[in-house]
Amino acid sequence: MTLEMIGNRIRFLRINKTNLSQEDFASLIGVDRTYLSRVESGKQNLTVEMLIKICEIGFAISFTDFFDFNKIDF
């Protein structure tokens, strides 16, 4: 799995699950909007801890569900 695929998944879920702007979502998870932008574009490495935080706090889904690309309805 590439950084670009992870970033695309985060962008997809942010838009379709939370309907939040990058600014609002970044604030929710406690990061800068520019960091989130780089993550979503696949240009920024992120730790497993940060990805878990994005899943649990930002999307209220499990880490496992994040990687289930067939599961669209949360």
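Remark: helix α2 (residues 22-29) packs on helix α3 (residues 33-40), axes separated minimally by 8 Å, with the N-to-C direction vectors making an angle of 105°. It follows that α2 is roughly perpendicular to α3 by the angle criterion. Here Gln22, Glu23, Phe25 and Ala26 of α2 lie close against α3, whose contacting residues are Arg33, Leu36, Ser37 and Glu40. Broken down by class, the residue content of the contact of α2 with α3 amounts to 3 nonpolar, 2 polar and 3 charged.

Those residues of α3 not exposed but buried are Tyr35, Leu36, Val39 and Glu40. Burial along α3 is one-sided: seen end-on, the buried residues are contained in an arc of 130°. Here the buried face of α3 lies against α1 (3-18), α2 and α4 (48-59). The positive-phi residue at the C-terminal boundary of α3 is Gly42, with phi of around 80°.

Applying the stated criterion across every chain, the model contains 2 salt bridges. In this structure, Arg11 and Glu40 form a salt bridge, with 3.7 Å as the shortest nitrogen-oxygen distance. A residue pair is termed long-range when its members are at least 10 positions apart, and Arg11 in helix α1 and Glu40 in helix α3 qualify at 29 residues. Arg11 sits in the partly exposed class, given a relative accessible area of 28%. We note a salt bridge from Arg14 to Glu40, for which the minimum N-O separation is 2.6 Å.

Moving on, we get to unusual backbone geometry. One non-glycine residue with positive phi stands out, namely Asn19, at about 55°. Take Asn19: it is sitting in the loop between α1 and α2. Accessibility expressed as a relative area gives 64% for Asn19, which makes it exposed.

Nonpolar side chains collect at one region of the surface, where Met1, Met5, Val48, Phe63, Phe67 and Phe69 lie side by side and expose about 540 Å² of accessible area between them. Classification of Met1 as exposed rests on a relative accessible area of 55%.

Looking now at the packing of aromatic side chains. The full count for this structure, using the stated rule, is 3 aromatic pairs. Residues Phe63 and Phe67 carry aromatic rings whose centres are separated by 5.2 Å and whose planes lie at 75° to one another, so their mutual orientation is edge-to-face. Using a relative accessible area of 33% as the deciding quantity, one classes Phe67 as partly exposed. Seen from their ring centres, Phe66 and Phe67 are 5.0 Å apart, and the 85° between their planes marks the pair as edge-to-face. Here a set of aromatic residues connected by ring pairs shows up, and it is made of Phe63, Phe66 and Phe67. If you follow Arg9 out to its NZ or CZ, it ends over the ring of Phe66, 5.9 Å from the centre.

Parameters at a glance
- Here the residue numbers are simple positions, counted from 1 along each chain's written sequence.
- Side-chain atom pairs in this predicted model are given and counted only at pLDDT of 80 or more, local residue features only at pLDDT of at least 70, and totals for whole chains, interfaces and linings cover all residues.
- Computation of side-chain values: all heavy atoms of the structure, hydrogens and water removed.
- Here an axis means a line fitted to C-alpha atoms, over the contact stretch when the element is a helix, while the angle between two N-to-C directions is reported on a 0 to 180 degree scale.
- Strands here are runs of E lasting at least two residues and helices are runs of H or I lasting at least four, both read from the DSSP assignment and numbered beginning at the N terminus.
- Roughly parallel covers angles under 35 degrees, roughly antiparallel covers those over 145, roughly perpendicular covers 65 to 115, and oblique covers all other angles.
- Contacts were defined at the residue level, with two residues in contact if any of their heavy atoms lie within 4.5 Å.
- Polar here means any residue outside two lists: the nonpolar Ala, Val, Leu, Ile, Met, Phe, Trp, Tyr, Cys and Pro, and the charged Asp, Glu, Lys and Arg; Gly therefore counts as polar.
- Summary of the burial criterion: residues with accessible area below 20% of their type's maximum are buried, those above 50% are exposed, and those between are partly exposed, where the area comes from a 1.4 Å probe applied to protein chains only.
- An arc is given here, and it is the one of the directions from the helix axis to the C-beta atoms.
- By convention in these notes, a salt bridge is any Lys or Arg side-chain nitrogen within 4 Å of a carboxyl oxygen on Asp or Glu.
- Residues enter a patch when their relative accessible area is above 30% and they make no salt bridge; the linking distance is 9 Å between like charges and 5 Å between nonpolar side chains (Val, Leu, Ile, Met, Phe, Trp, Tyr).
- Computed by Shrake-Rupley with a 1.4 Å probe, the accessible areas treat only the displayed protein chains as cover when residues are assessed.
- Note on aromatic contacts: the rings of Phe and Tyr and the six-membered ring of Trp form a pair at centre separations within 6.5 Å, being stacked when their planes are under 30 degrees apart, edge-to-face when over 60 apart, and tilted otherwise.
- By the criterion adopted, a ring carries a charge over it if an Arg CZ or a Lys NZ lies within 6 Å of its centre and within 35 degrees of its normal.

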